[in-house]
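# Structural characterization, general
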Amino acid sequence: MPTGAGKTVVAAAAVASLKIPTLCLVPTKILMEQWQKNFQEFFKTPIGLYGDGNHKIEMITIATFSSAFLHMKKLGNLFKLLIVDEVHHFGNGTRDELLLMSAAPWRLGLTATVPEKECLQNLQNKLVGPVCYSL
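Rules used throughout
- Residues numbered from 1 in each chain as written.
- Predicted model: local features only at pLDDT ≥ 70, side-chain atom pairs only at ≥ 80, totals over all residues.
- Heavy atoms only, no water.
- Helix = DSSP H or I, 4+ residues; strand = E, 2+ residues; numbered from the N terminus.
- Expected span 1.5 Å × (residues − 1).
- Buried < 20%, exposed > 50% of the residue type's maximum accessible area, 1.4 Å probe, protein only.
- Arc of directions from axis to C-beta.
- Axes fitted to C-alpha atoms, helices over the stretch in contact; angles between N-to-C directions.
- Parallel < 35°, antiparallel > 145°, perpendicular 65-115°, else oblique.
- Left-handed = near helix turned anticlockwise from the far one by under 90°.
- Contact = heavy atoms within 4.5 Å.
- Nonpolar A, V, L, I, M, F, W, Y, C, P; charged D, E, K, R; others polar.

Right, let's get into helix 2 (residues 29-43). An α-helix turns once per 3.6 residues; consequently, residues spaced three or four apart project the same way. Between its first and last C-alpha atoms helix 2 spans 21 Å; for 15 residues at 1.5 Å apiece the expected length is 21 Å, and the two agree. Every buried residue of helix 2 is accounted for by Leu31, Met32, Trp35, Gln36 and Phe39. All buried residues of helix 2 fall inside an arc of 140° around its axis, so they share one side. Turned more than 90 degrees away from the buried face of helix 2, the exposed residues are Ile30 and Lys37.

Another aspect to go through is the packing of helix 1 (residues 7-18) against helix 2. The relative placement of two packed helices comes down to the angle between their axes together with the axis-to-axis distance. Where helix 1 meets helix 2, the axes come as close as 11 Å, and the angle between the chain directions of the two elements is 50°. Taken as axis vectors, helix 1 and helix 2 run oblique relative to one another. In the crossing of helix 1 with helix 2, the sense of the turn from one axis to the other is right-handed. Between helix 1 and helix 2, the residues in contact are Thr8, Val9, Ala11, Ala12, Val15 and Ala16 and Trp35, Asn38, Phe39, Phe42 and Phe43, respectively. Its residues placed into classes, the contact of helix 1 with helix 2 shows nine nonpolar, two polar and no charged.

As structure tokens, then:
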């Protein structure tokens, strides 16, 4: 989905529908803060932050890729839903271990950038799951 098309709303709908512990991975501190603000508005509940010196885990937690990668041994089995913003950063071998270390059976990858063919295959077959919607 392109920028501004509602990827965060789709993520919030998944969280609201499943009502299970959720870890949202984002690439930057700025996006972590944006997701936290949006999710607090949607859910009116504390949202955990894991990154940039924050180590607060809640039912819904937002983490930067870097912090999650460093702490996935601790985080990996705490969440049942894994949401990956900018998922096109994965699938090429770089940081893929981050997604492999999560035990979350439910996964949602979001991006405005179509991954290259090989990366997309890895995302679909090994890391996240099949494309379910494209705009």
